[in-house]
Amino acid sequence: MKSIITRRGLLKGTAAGAGVAALGSVAPTHFIKNAWAEEFRNDPTNKSAITLGFNVPQSGPYADEGADELRAYKLAVKHLNGEGDGGMLNTMKPLSLKGNGILGKKVEYVTGDTQTKSDAARASAKRMMEKDGVSMVTGGSSSGVAVAVQALCQEMGVIFMAGLTHSNDTTGKDKRRYGFRHFFNSYMSGAALGPVLKDEYGTERRAYHLTADYNWGYTTEESVKNTTEALGWETVAAVRTPVGAGDFSQYITPVLNSGADVLILNHYGKDMVNSLTQAVSFGLRDKQVNGKNFEIIVPLFSRLMAQGAGDNIKGILGTTNWNWSLQDAGSQAFVKSFGQEYGFPPSQAAHTCYVQTLLYANACEMAGTFNPVEVIKTLEGFNFDGMGNGPTEYRAADHQCFKDVLVVRGNENPSSQFDLLQVVQQVPRSQVEYDPSIFGGELGPYKA
Amino acid sequence: MDAIFLQILNGLDKGGAYALIALGLTLIFGTLGVVNFAHGAVFMLGAFCAVTLNKILTLSQRIRDESVTFFEAYKEVPYLEVWFGETGSTLIEYSVPISILVAIPVMLLVGLAMERGLFRFFYNRTHAEQILVSFGLAIVIQEIVKAFYGANPIPQAPPEIFAGSANIGAMLGMSEAIVYPWWRLVYLVFAGIVIAAVFCFLQFTTFGMVVRAGMMDRETVGLLGINIERRFTIVFGLAAVVSGLAGVMYTPILPPDYHMGMDFLVLSFVVVVVGGMGSLGGAVAAGFLLGVLQSFAAMAEIKAIIPGIDQIIIYLVAVVILLVRPRGLMGRKGVMET
């Protein structure tokens, strides 16, 4: 077909175009909700769905924990999209989510494998942000990974809702404006353990630390040491052990003749399982030193990991972010949804990932936009409840959630295969709070 | 003094595991000339023989915990205990030692299947290709185990009689502070017995004599009308059994997981290199030597002088050996030498 442009037609078209442009420039923006210009990465405003990036360990030593995180994320997506029983959407307060996705957009997701390696995790997160167009990245089971991915997200201008990361550095010296952590940290573990240790083991103890030789190990050792020394305990030695050492016998035998009566294992995951199993096999728990029973403490517990240590975990004190046996309405709603979906209870990693997804979605809904700057401002200082652990605050100064912390003990007489940890005390939030300036670091700018 | 004694025990114990794995590795290299990176996975498969048998023996009657309503939580009572009482409990308690009986035929079959199904096609290929294919096989085996058993370690308890620690100090008239886990002592003795059995088998049987002759001069043995290939295939199976048994007995020391083979593989290779590729005596000697060195390097007094030495000592020794005596401590002249 031949197209003929006439002088009259051209004039008409130009006039109509100019009219529309003029109307647009004078029309009030409240007629066009979410009228943000495309000024941030992966703006889903003009799409029918928003994509979230679930970056979890799908291979490597924390693959089981990663699988549980992924289950929780899928459940969160289901609930956000109005499917299932709604889980914590029934208990979360204040709640802006309506069960119709986020800001009316269906929630979709892509997954990545962190392999619990910082470089692999960064590569996976980068692919999600550049290729898959995700509006938020979340997940992980290691502080090294969290710190690395968080820094990348800051550069890319995409919000990172951390998964399981316990090092003080994540929201301390390495904190970032675009990074948020719901999980507790080493300082809070130490602060929560203190009074319980005093009640159970007294104030005259000699402690020996075995510490995983990386970021998380150092901050945990420091935090627990500060707490125990404040109680009056003496630190006999703090020995660094290589990550993945397997056989810890050469590090445990010196404990026997050290004069210590408490062994603190600043290990997580497989290292914790191995060092604890071997410490028990060396008879430490049957030992009497300085007229006292020898005790072992594991500052960070995980139910999934406790399974690996078998009977050796019985009676051992530690802390955990959350446990499925909590009876508050939020925890129960989540355990019910998760349990009915998968046939077993969620881990603490699953819980924190589920909550993080809902918190991000809720903040978008409250802000009325996906613009990360507005979402960050909404999350900063956000107070909420009904998601386990009681009233919680996302502290604006460091993006760390403050809530009750659980001191737990390996269950001596479990009633089921999942009943491995017994909650000794739910330590109130006020007891684990600290001045954000003690760890240094800068959040950085809102504009990436 | 007590600390030194304990570290020697630790080193010997660790060395026992290194020696058993390295023995299989060097046996395969000495006979077939194959560099088998899947040997660590064989060690792990041995450990999972123990896990599997334990799972079978502890098949349980489930008593539902009625207080939990959102999913099925239950207490497990093994059928063996329900049906046979005390006898059933004892069977479960001894699942690790019993696993040895299961692991011998299973690991022999695994070894034969690996050799016949894969490695024989790579005899005339370069070592680089052998490393690649065996490494690939190790990853496949790992992932299969992970798919069935998950990534978390699975604890295995030793029999109650070996559960605690032995007061060796009191036994030897030394300090009371010298205690050592019974099961580690059992492991040390077990490693010694298996090593002795392999040496006796190769030294005092006709089969062993032929294998040794084949290791020296494969062609001549073949010209004498002896089917050396078949014997080497059996040696591959034997190496798998040795490594598998090491894995079975190690389970109460290190709760097994799918990755445990990889953790030991690199160290065992270093042991083989230090001992001398293809040298059985060298592998055993280097295994114990490096185990003891590694333990001493972890002592606080040593680490205070050279921080981080515990993590590099084995590789440091390997570098020195490769520079000074490339064929290893007891290796044949010409092997790994230009």
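Moving on, we get to the overall build of chain A. The secondary structure content of chain A amounts to 13 helices and 17 strands. Computed over C-alpha atoms, the radius of gyration of chain A comes to 25 Å, within 12% of the 22 Å expected from 2.2 N^0.38 for 448 residues, which places it in the range of a compact globule. Counting only C-alpha atoms, chain A reaches 105 × 40 × 40 Å along its principal axes. Counting across all 448 residues of chain A, residues that qualify as buried make up 61%. Summarising the internal contacts of chain A: among those between residues at least 6 apart in sequence, 73% fall at separations of at least 24. For chain A, the computed accessible surface area is about 15900 Å², with 51% contributed by carbon and sulfur atoms. Here chain A holds 42 positive side-chain charges and 45 negative ones, and the gap between their average locations is 10 Å.

Turning next to the sheet that holds strand β1 (residues 49-56) of chain A. Residues and elements named next belong to chain A. One open sheet holds the five strands; their spatial order is β2-β1-β3-β4-β5, and the pairing between them is parallel. Both edges of this open sheet fall to β2 (106-113) and β5 (179-181), since each of them pairs with a single strand only. Taking each pair of neighbouring strands and ignoring which way they run, the sheet shows an average axis angle of 25°. Relative to strand β4 (residues 159-162), strand β3 (residues 136-139) runs parallel, the two sharing four bridges.

Every contact between the two is made by 48 residues of chain A and, on the other side, 43 residues of chain B. Interface of chain A and chain B: buried area, both sides summed, is about 3400 Å²; carbon and sulfur atoms make up 51% of it. Where chain A packs against chain B, one counts four salt bridges. B:Asp257 is the partner of A:Lys270 in a salt bridge, and the nearest nitrogen-oxygen pair spans 3.4 Å. Between the two partners, chain A and chain B, sit 22 residue pairs in polar contact (both at pLDDT 80 or more). Mapped by element, the contributors of at least two residues to the side of chain A that touches chain B are α2 (63-80), β7 (234-241), α7 (249-256), α8 (270-281), α9 (303-309) and α10 (329-342) of chain A. Taken together, the residues of the side of chain A that touches chain B sort by class into 18 nonpolar, 24 polar and six charged.

All names here are of chain A. Sheet architecture is open: three strands sit in the order β13-β14-β15, paired in antiparallel fashion. Either end of the sheet is taken by a strand with one partner, and the two such strands are β13 (383-384) and β15 (401-402). Here β13 runs beside strand β14 (residues 392-394); their pairing, made up of two bridges, is antiparallel. Opposite asparagine 383, over in β14, you have glutamate 393 as the bridge partner.

When the parts of a complex come together, some accessible area is lost, and that lost area is often taken as the interface size. All names here are of chain A. Domains assigned within chain A are domain 1 (49-184 + 324-403) and domain 2 (187-320). Tallying the contact residues gives 21 residues for domain 1 and 18 residues for domain 2. Both sides of the domain 1 and domain 2 interface together cover about 1600 Å² of buried area, and 57% of this is carbon and sulfur. Linking domain 1 with domain 2 are zero salt bridges, by the criterion used here. One can count 12 residue pairs in polar contact (both at pLDDT 80 or more) joining domain 1 with domain 2. Put simply, the parts of the chain that give the side of domain 1 that touches domain 2 at least two residues each are α2 and β15. Sort the elements by how many residues they give to the side of domain 1 that touches domain 2 and α2 lands first, with three residues. Here the residues of the side of domain 1 that touches domain 2 sort into nine nonpolar, seven polar and five charged.

Calculation criteria
Every chain begins its residue count from 1, and numbering advances along the sequence as written. By the order in which they are written, chains take letters starting at A while ligands take numbers starting at 1. The predicted origin of the model limits local features to residues at a pLDDT of at least 70 and limits the giving and counting of side-chain atom pairs to 80 or more, whereas totals for whole chains, interfaces and linings rest on all residues. For the side-chain quantities, the full set of heavy atoms in the structure was used; hydrogens and water were omitted. In this description a helix means any DSSP run of H or I spanning at least four residues, a strand means any run of E spanning at least two, and both kinds are numbered starting from the N terminus. Restricting the calculation to C-alpha atoms gives the radius of gyration, and the globule rule supplies 2.2 Å times the number of residues raised to the power 0.38. Exposed residues in this analysis have more than 50% of their type's maximum accessible area, buried residues have under 20%, and partly exposed residues fall in between, with area computed by a 1.4 Å probe over protein chains only. Residue contacts are counted whenever heavy atoms from the two residues lie within 4.5 Å of one another. Method for areas: the Shrake-Rupley scheme with a 1.4 Å probe, in which residue coverage is limited to the protein chains shown. Counted charges follow a simple rule, with Lys and Arg positive, Asp and Glu negative, and His plus the chain ends left uncounted. To locate a charge, take atom NZ for lysine, CZ for arginine, CG for aspartate or CD for glutamate. At least two DSSP bridges between two strands are required for those strands to pair. Interaxial angle, 0 to 180 degrees, is taken between N-to-C directions of lines fitted to C-alpha atoms, where a helix line uses only the stretch in contact. Summed over both partners, the accessible area (1.4 Å probe) lost when two parts come together is defined as the buried area. Salt bridge criterion: a side-chain nitrogen from Lys or Arg within 4 Å of a carboxyl oxygen from Asp or Glu. Any pair of N or O atoms that falls within 3.5 Å is considered a polar contact. Within protein, one atom must be able to donate a hydrogen and the other to accept it, and sequence-neighbouring residues count only if both atoms are side-chain atoms. Ten residue types, Ala, Val, Leu, Ile, Met, Phe, Trp, Tyr, Cys and Pro, are classed as nonpolar, four, Asp, Glu, Lys and Arg, as charged, and the remainder, Gly among them, as polar. Domain start and end points were adopted from an automatic or database domain assignment.

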